[in-house]
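The residues making up each chain are set out below.
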Amino acid sequence: MRLTTKGRYAVTAMLDLALHHGEGPVSLADVARRQDISLSYLEQLFARLRKKALVASVRGPGGGYLLGRGASEIYIAEVIAAVDEMVDTTRCGGRHNCQNNERCLTHDLWCDLSGRIFDYLSGISLGDLMQRRGVQSVAQRQGSALAVAADAAPAKPSCKSSRSRK
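Per chain, residue numbering runs from 1 following the sequence as it is written. Predicted model: local features are reported for residues with pLDDT of at least 70 only, side-chain atom pairs are reported and counted for 80 or more only, and whole-chain, interface and lining totals are derived from all residues. Computation of side-chain values: all heavy atoms of the structure, hydrogens and water removed.

Chemist: Please clarify how the overall build of the chain should be interpreted in this entry.
Modeler: For the purposes of this entry, the term helix denotes a DSSP run of H or I that reaches at least four residues, the term strand denotes a run of E that reaches at least two, and both are numbered from the N terminus. When helices and strands are counted, the chain shows eight helices and two strands. Written out in order from the N terminus, the α and β elements of the chain read α-α-α-β-β-α-α-α-α-α. Only protein chains enter the accessibility calculation, which uses a 1.4 Å probe; a residue is then buried when its area is under 20% of its type maximum, exposed when over 50%, and partly exposed in between. The buried share of the chain, reckoned over its 166 residues, is 34%. Of all intrachain contacts in the chain linking residues separated by at least 6 positions in sequence, the fraction that spans at least 24 positions is 65%. Surface summary for the chain: the accessible area is close to 10,700 Å², and the carbon and sulfur share equals 52%. Should any heavy atoms of two residues lie within 4.5 Å, those residues are counted as being in contact. Note that accessible areas follow from Shrake-Rupley with a 1.4 Å probe, and for residues the cover is restricted to the protein chains shown.

Now the structure itself:
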C-alpha cells in the first residue's frame, strides 16, 4: 500500500488538533513537539488542509489552528485526500501499466482492495479515533512528556538581568 508520511503525518496532526480542540487555537509548534514532526513540514501540510477547509487559522498572539468542522464530521479519507495522497495498493498507481506497460493479472484484485481501504477510512472520523482508549492514553503521555520537557528547560533570562549596566 502506498501511504507516505505525508498522509500519515496529516492524519496524526489533525488528530492532535482534535484532541486539543477545547484549548483554543493550537500552534503548529506544539503539534510538532508532541508528534515529533518537522514544523516546516507541518506548515506545508496545513496550507493544504486549510485550502480544503479542514482547518482554520487564527492569526495574532495566541493564534494557531482550529478544526474547520467538528471532529466527528472530518473523515480520515478526507484528510488523506486533502494532502494529495492516495490510498493505492496497485503497483502501477492505477494506470493499468503494471506489467510491461499492460494490465497485470491481479490488477483488479488490488484495485478492489484500494477501494475497500478507502471506504474503511471514509467511515472513520477524527471523533471516532478520539474515543479509542489507546489514543487517549498516548495523548496523555505526550502531554505529560511535553510538560516535563518545558519544566526542565532553563529559564530564559529577563531583559533586565541580561543587560549590562553602565
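Back to the write-up after that little detour.
Chemist: I keep staring at the pattern of salt bridges and nothing clicks. Help me out?
Modeler: Close approach of charged atoms allows side chains of opposite charge to pair. We define a salt bridge as a side-chain nitrogen of Lys or Arg found within 4 Å of a carboxyl oxygen belonging to Asp or Glu. For the structure shown, the criterion picks out five salt bridges. The partner of Arg69 in a salt bridge is Glu78, and the shortest N-O contact between them spans 2.6 Å.

Chemist: Which parts of the structure should I look at to understand a nonpolar patch on the surface?
Modeler: Judged by side-chain polarity, Leu109, Trp110 and Leu113 come together as a nonpolar surface patch covering roughly 260 Å² of accessible area. You can see Leu109 is positioned in helix 5 (residues 107–122). Residue Leu109 is classed as partly exposed on the basis of its relative accessible area of 48%. Candidates for patches are residues over 30% relative accessible area with no salt bridge; among them, like charges are joined within 9 Å and nonpolar side chains (Val, Leu, Ile, Met, Phe, Trp, Tyr) within 5 Å.

Chemist: Just to check I follow, could you spell out the pairing of strand 1 (residues 55–58) for this structure?
Modeler: A regular strand carries its side chains on alternate faces of the sheet. Pairing between strands requires that DSSP locate at least two bridges from one strand to the other. By the bridge criterion, four bridges tie strand 1 to strand 2 (residues 64–67) in an arrangement that is antiparallel. Across the sheet, Ser57 pairs through a bridge with Tyr65, a residue of strand 2. In this antiparallel pair of consecutive strands, strand 1 and strand 2, the connection spans five residues, and Gly60 shows a positive phi of 95°.

Chemist: What should I look at first to understand unusual backbone geometry in this one?
Modeler: Excluding glycine, residues mostly carry a negative phi; peptide bonds, for their part, are mostly trans. One non-glycine residue with positive phi stands out, namely Ala53, at about 60°. Summarising the element assignment, Ala53 is placed in the loop between helix 3 (39–51) and strand 1. The partly exposed category is assigned to Ala53, whose relative accessible area is 44%. Positive phi outside glycine occurs at Asp84, with the angle close to 60°. One can find Asp84 in the loop between helix 4 (76–82) and helix 5.

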